[in-house]
Amino acid sequence: MLNLQQDMDHQFSGFHDLMKFRVREILIVSSMYDAFVLEQDGRLSEKIMSEYADLNLSFVPRVTRVSSAEEAFCALRERAFNLVITMPRIVDMDPFEFGRKVKDFDPGMVVVLLTYNTVELERLVRLKKGKGIDKIFYWSGDSKILLAIVKYVEDLFNIREDTGAGVRVILIVEDSPLYYSSFLPLIYTEIMTQTRLLISESVNAVHRLLRMRARPKIMLAETFEEAVSIFEAYRQNILGVISDIRFPIEGKPDPEAGLKLVEKIKSQAEPPPVLLQSSEPVASVKNIAFLDKNSQNFLHELRTFIQENFGFGDFIFRYPDGREAGRAKNLHEMEQMILTVPAESLDYHARRNHISTWLMARSEFEAANELRPKKISDYKNIDEARDVLRKTIRHVIESYQHGIIADFEAFERESNFVKLGAGSLGGKGRSIAFINSLLARADTFRNYEDIDILVPKSIVICTEVFEEFLTINNLEEFAIKETDDDKIVEAFIKCPLPVRIQTALKELLDKVNYPLAVRSSSLLEDSHFIPFAGLYSTYMLPNNNPDITVRLTHLCDAIKLVYASLYYQSPKAYGKNTHQRIEEQKMAVIVQQIAGEQYGDFMYPVVSGVAQSYNFYPFERMKHEDGFACLALGMGKTIGSGGKVYSFSPAYPAMNPLFSSPAEFMKKTQSQFYALNLGESDFKPGRDDSYTLKKLDLSRAEADGTLFFTASTYSIDNQVIRDTISIPGPRIITFANILKYGLFPLSDILKTLLKLGENAFACPVEIEFAVNLYRDKGKKPQFYFLQIRPWVTGNENFNVDIDNFMKEETICTTIHALGNGIFEGLQDIIYVDPDTFDVSKTLVIAKEIEKINRKFILEEKEYILAGFGRWGTSDPWLGIPVEWAHISQAKVIVEANLKDFKVDPSQGSHFFHNITSLRIAYFHVQTEGGEEFIDWKWLKEQPLYEKCDFVRHIRFDKPLTVKIDGRSSKGVILKP
């Protein structure tokens, strides 16, 4: 027994030397916005804290961010770094050249390339070999990839010495960055969960410490030779193997490489557990666990395998006889359990220091050290011990609060940004947090001291609440597979939110009585390249029912409906187009003060707007870089849904849109506006997220006094527009008092914000905003900064020549195209028949297109889609109100005008944003003849493959070619 103890003491002393290499200094080369996401939403330091707790270390890596290669090398010369992470977008050097130069400077430095873009991922992988980049990782929006990168680098350096002390190894064999970036974070998370379980089950202090320092290492191999080398080097330490089936052997992809690796592994006397996975059809794999990568539940099934083979656990409260009394998986649940767990269970754990050990595993050293010396006999009774434990946990929770993002428990009326629960803020949430941070630091608004420029008060319900909601109600598998949106709504509405969340929301409603917007914030929403803009629901709540129980029901239902909208058919179709697994998406929810003013029974802002720093369609003196903005009276739904808006460039605010006459201006101006209906304090939620909004005529705005800022008058007698509403005549929304006469410096504020956003994101941006204005000089105007997102302008550096084609060779030509490149292999055109088109039948047309699109989904083919007005508008009188699920297979979209039906493209709409981010080729044909036309005559002469009442489908034997020059905005569709 003595020898055994001495041996364990020897192992204990040896574990002080484990993990000699640690990532202490990380250099990130990125834009300002990327850095904010990594450190704030990604919470890099917080996410690696649990690992350092397991290693009994009290430090966390320091992150240094620079914006350019020049700054990076200055930093490398000034201080020693352990890891360099670069984004593809750095301003002054190609990332591979940067990697090579870093290697020249420090040959031992690990350089990782982190990309958002699946489109360029394959090209980056081809360029990686020998180009200075050690590993490429793909960020799908889940910030846990950052933790995986740090752990991967540390394991790479420590594997040899640490395995000598008995540390175990998990071997991963995968050559696709897309896949290993998807499941490495999951595996690391499960390993740490398993480690905590082993700690809680340990028999003594020495054993617990050994377990903490013995976290299994992960080794990643991309080829057969690498995998065999790792396995043979550490065969005595291998805990398990997770391997793809197809990967290179001797430099060439081998479809049976994984099976050959398994044969070698199984030849061992005591082979470790093995999991094979593949995205390709494979024959039955006998006696080996297998996962299909195409499974909608791939990550869930992978997690299940890891759990069953390696084990994991929460803190489990037990009675002395071993029966479970409750469990806690985080500090919040621990606090609640301490208040409610039976006294004999609490006494049992307190006598054994289990709670302090659990805190130590979570890197809560101060709290753990405070509790550990105390004995149960130090307290008067168990209730006093309970109170001390609760206060200790409460102190730890409160210590997490930092900066301007406060925990919900610290919520006060003056708090501008609060988060509830754990996990990510989601894409929209982190952008709003970034704005809040940016506005607090920026000194560029000192010239506007008479204006409140701010973010609405916001509370983000983080993604782990969403995951818990799905789990406790067993909803995920159903929601992924279900194709009927109404059934999804029905199922989600019936299920309760976690009790603690309902309690928190009731506390919130006790403190706020203003109307609330309940907005989506999925992981990828408003991200680079795949923004998912406008695909999820937003609900506007009056929040004025005298019964708080009713208000709580409204709020909970709206949150659940936002959750449900993640699984609607349009987001699923969009996700499929971007190769995103729906199960990888997670939803946070933003509960936000509505930026508006009350006018009787309605509430709305005087101005809602969307502004972009890049103008796709400049005219006259305008340049692309001058930007573009769309304005509307009332709530912003008018803009986001593609309604009638006023558009202008902030560089030329007095320049009216291009209308042929005041009469045409009058015809195309906004004639109604959205307002929140405060008159109905009780309602039933549903699929339609606009049920609390009401369309009002301009006469109501005139009675409210808001037309003073936004309207002019159309003089019928002399057919001119007068910038006043003091004369009789039809009102026309021009925002003249703001844009021309400077009653509010909107253009200057937009230019400042767009420039600020571009510098922060290192790319063009789009912002959403709202403005409250008052005739009363004693009330300060309010500019609410609602949202910011990156704009993807395409790969315009790739030159495409489209000027050498005769008119008879082309089906369509435009000088208003979006995208860049050559699109080949398309053999189908679906078009709305100009002879039968009826604007009153656009809902019917949308259903016909949806029916045809379903066939293309089954055939896995893509097509060219052509029609009239705006695609994706919510106003059926402005175009065809399709959703993403209705046209998911469209690769080229054409919007055309008819002689008596002319509609401008809506640059501010969510539909328009998603077209560009999906790299869908977009044509807008404004006028027939000259440089723009569609050869309708030729299309009508082609044999029909399918015919509906309003829609025609042509299939050609030979493929069509589509070319777009992103620099000139010219596009052409060539005949086969």
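Here, every reference points to the structure presented above.
Residues numbered from 1 in each chain as written. Predicted model: local features only at pLDDT ≥ 70, side-chain atom pairs only at ≥ 80, totals over all residues. Heavy atoms only, no water.

Examining the overall build of the protein
Looking only at helices and strands, the protein has 33 helices and 45 strands in total. A total of 976 residues make up the protein; the buried ones form 60% of that total. Considering only residue pairs separated by 6 or more positions, the protein has 73% of its internal contacts joining residues 24 or more positions apart. Split by element, the accessible area of the protein, about 39800 Å² in all, is 49% carbon and sulfur. (Helix = DSSP H or I, 4+ residues; strand = E, 2+ residues; numbered from the N terminus. Buried < 20%, exposed > 50% of the residue type's maximum accessible area, 1.4 Å probe, protein only. Contact = heavy atoms within 4.5 Å. Areas by Shrake-Rupley, 256 points an atom, 1.4 Å probe, with all protein chains shown as cover.)

What to know about the environment of Thr 553
Relative to the assigned elements, Thr 553 resides in helix H23 (residues 548-565). Taking the C-alpha atoms as reference points, Thr 553 and Leu 505, separated by 48 residues in sequence, lie 10.0 Å from one another. A distance of 3.0 Å separates a polar side-chain atom of Thr 553 from the backbone oxygen of Thr 549. (Polar contact = N/O pair within 3.5 Å; in protein donor to acceptor, adjacent residues only side chain to side chain.)

Describing the sheet that holds strand S29 (residues 711-715)
Within the open sheet, the three strands sit side by side as S30-S29-S31. Their pairing is antiparallel. Two strands in the sheet have a free side with no partner beyond their single neighbour: strand S30 (720-722) and strand S31 (731-733). Adjacent strand axes in the sheet meet at a mean angle of 40 degrees, parallel and antiparallel pairs treated alike. As judged from the three bridges shared by S29 and S30, these two strands associate in the antiparallel manner. Bridge pairing in S30 places Tyr 714 opposite Ile 721. (Pairing = 2+ DSSP bridges. Axes fitted to C-alpha atoms, helices over the stretch in contact; angles between N-to-C directions.)

Re the sheet that holds strand S12 (residues 289-292)
An order of S7-S6-S8-S11-S12 is seen for the five strands of this open sheet, with the pairing classed as parallel. Only two strands of the sheet have a single neighbouring strand rather than two, namely strand S7 (217-221) and S12. When the angles between neighbouring strand axes are averaged without regard to direction, this sheet yields 15 degrees. Bridge count for strand S8 (residues 238-244) against strand S11 (residues 274-278) is four bridges, and the pairing is parallel. Bridging across to S11, Asp 244 finds its partner in Gln 277. Of the strands in this sheet, strand S6 (169-173) and S7 are in contact with helix H7 (residues 144-164), which crosses S7 at around 110 degrees.

Some points on helix H10 (residues 224-233)
Restricting attention to buried positions, one finds in H10 the residues Phe 224, Ala 227, Val 228, Ile 230 and Phe 231. What you see down the axis of H10 is that its buried residues fit within an arc of 165 degrees, all on one side. Those residues of H10 that are buried are in contact with S6, S7, S8, strand S9 (247-249) and helix H11 (257-266). (Arc of directions from axis to C-beta.)

Quick word on the side chain of Thr 814
Along the chain, Thr 814 falls in strand S34 (residues 810-814). You can call Thr 814 buried: its relative accessible area is 1%. A polar contact of 2.9 Å, which involves the side chain of Thr 814, links it to the backbone nitrogen of His 816. The residues contacting Thr 814, other than those within four sequence positions of it, are Phe 923, His 924, Val 925, Glu 931, Glu 932, Ser 969, Lys 970 and Gly 971.

Points about the packing of aromatic side chains
For any pair of aromatic rings, the description consists of the separation of the ring centres together with the inter-plane angle of the planes. Scanning the model with the defined rule gives 24 aromatic pairs in all. Taking 6.0 Å as the distance between ring centres and 45 degrees as the angle between the ring planes, the aromatic pair formed by Phe 492 and Tyr 567 counts as tilted. Of the two residues, Phe 492 sits in helix H21 (residues 485-494) while Tyr 567 sits in the loop between H23 and helix H24 (569-577), which places them 75 residues apart along the sequence. We classify Phe 492 as buried; its relative accessible area is 0%. (Phe/Tyr/Trp six-rings, centres within 6.5 Å; stacked < 30°, edge-to-face > 60°.)

A word on the pattern of salt bridges
Following the criterion strictly, the structure yields 41 salt bridges and no others. Close ionic contact of Glu 222 with Lys 135 constitutes a salt bridge, the shortest N to O distance being 2.6 Å. Residue Glu 222 is found in the loop between S7 and H10, and its partner Lys 135 is found in strand S5 (residues 135-138); the two are separated by 87 residues along the sequence. The residues Glu 222 and Lys 135 share a single accessibility class, namely buried. Between Lys 217 and Asp 162 there is a salt bridge, with the nearest N and O atoms lying 3.3 Å from each other. Of this pair, Lys 217 sits in strand S7 while Asp 162 is found in helix H7, placing the two residues 55 residues apart along the sequence. For Lys 217, a relative accessible area of 1% translates into the label buried. What makes Asp 162 buried here is its relative accessible area of 2%. (Salt bridge = Lys/Arg side-chain N within 4 Å of Asp/Glu carboxyl O.)

Observations concerning the environment of Gln 889
Relative to the helices and strands, Gln 889 is located in the loop between strand S39 (879-880) and strand S40 (890-896). Given a relative accessible area of 9%, Gln 889 falls into the buried group. Along the sequence, Gln 889 and Ile 864 sit 25 residues apart, while their C-alpha atoms lie 8.9 Å from each other.

Things to note about unusual backbone geometry
It is generally the case that most residues other than glycine have a negative phi and that most peptide bonds are trans. Positive phi is not limited to glycine here, since Asn 474 has a value of about 55 degrees. The topology assignment puts Asn 474 in the loop between helix H19 (463-473) and helix H20 (476-481). Phi at Ala 762 is positive, roughly 60 degrees, even though this residue is not glycine. Mapped onto the elements of the fold, Ala 762 is located in the loop between helix H30 (746-761) and strand S32 (765-772). For Ala 762, a relative accessible area of 35% gives the class partly exposed.

Points about the nonpolar core
Residues Leu 746, Phe 769 and Phe 783 are the most contacted members of the largest nonpolar core, which totals 70 residues. Among the elements that make up this core, the one with the highest residue count is H30 (seven residues). Excluding residues that lie within four positions of it along the chain, Leu 746 makes contacts with Leu 631, Ile 738, Leu 739, Phe 769, Val 771 and Phe 783. The next biggest cluster of nonpolar side chains, apart from the first, holds 56 residues, and it includes Ile 829, Ala 866, Ile 893 and Phe 901. (Core = buried A, V, L, I, M, F, W, Y, C linked by side-chain atoms within 4.5 Å.)

Some words on the environment of Phe 628
Of note, Phe 628 is situated in strand S25 (residues 628-632). The class for Phe 628 is buried, based on a relative accessible area of 10%. In the structure, Phe 628 is positioned 16 residues away from Gln 612 in sequence and 5.2 Å away in space, judged by C-alpha atoms.

Observations regarding the packing of H10 against H11
Put simply, H10 and H11 touch, their axes get as near as 11 Å, and they point 20 degrees apart. By the angle between their axes, H10 is roughly parallel relative to H11. Helix-helix and strand crossings are classified by hand; for H10 and H11 the assignment is right-handed. Here Phe 224, Ala 227, Val 228, Phe 231 and Glu 232 of H10 lie close against H11, whose contacting residues are Ala 257, Lys 260, Leu 261, Lys 264 and Ile 265. Grouping the constituent residues of the contact of H10 with H11 by class yields seven nonpolar, no polar and three charged. (Parallel < 35°, antiparallel > 145°, perpendicular 65-115°, else oblique. Left-handed = near helix turned anticlockwise from the far one by under 90°. Nonpolar A, V, L, I, M, F, W, Y, C, P; charged D, E, K, R; others polar.)

Describing the packing of H21 against H23
Between H21 and H23, the shortest axis-to-axis distance is 9 Å and the interhelical angle comes to 140 degrees. Comparing the axis directions of H21 and H23 gives the class oblique. Crossing handedness for the pair H21 and H23: right-handed. Here Ile 488, Val 489, Phe 492 and Ile 493 of H21 come into contact with H23, specifically with Asp 557, Lys 560, Leu 561, Tyr 563 and Ala 564.

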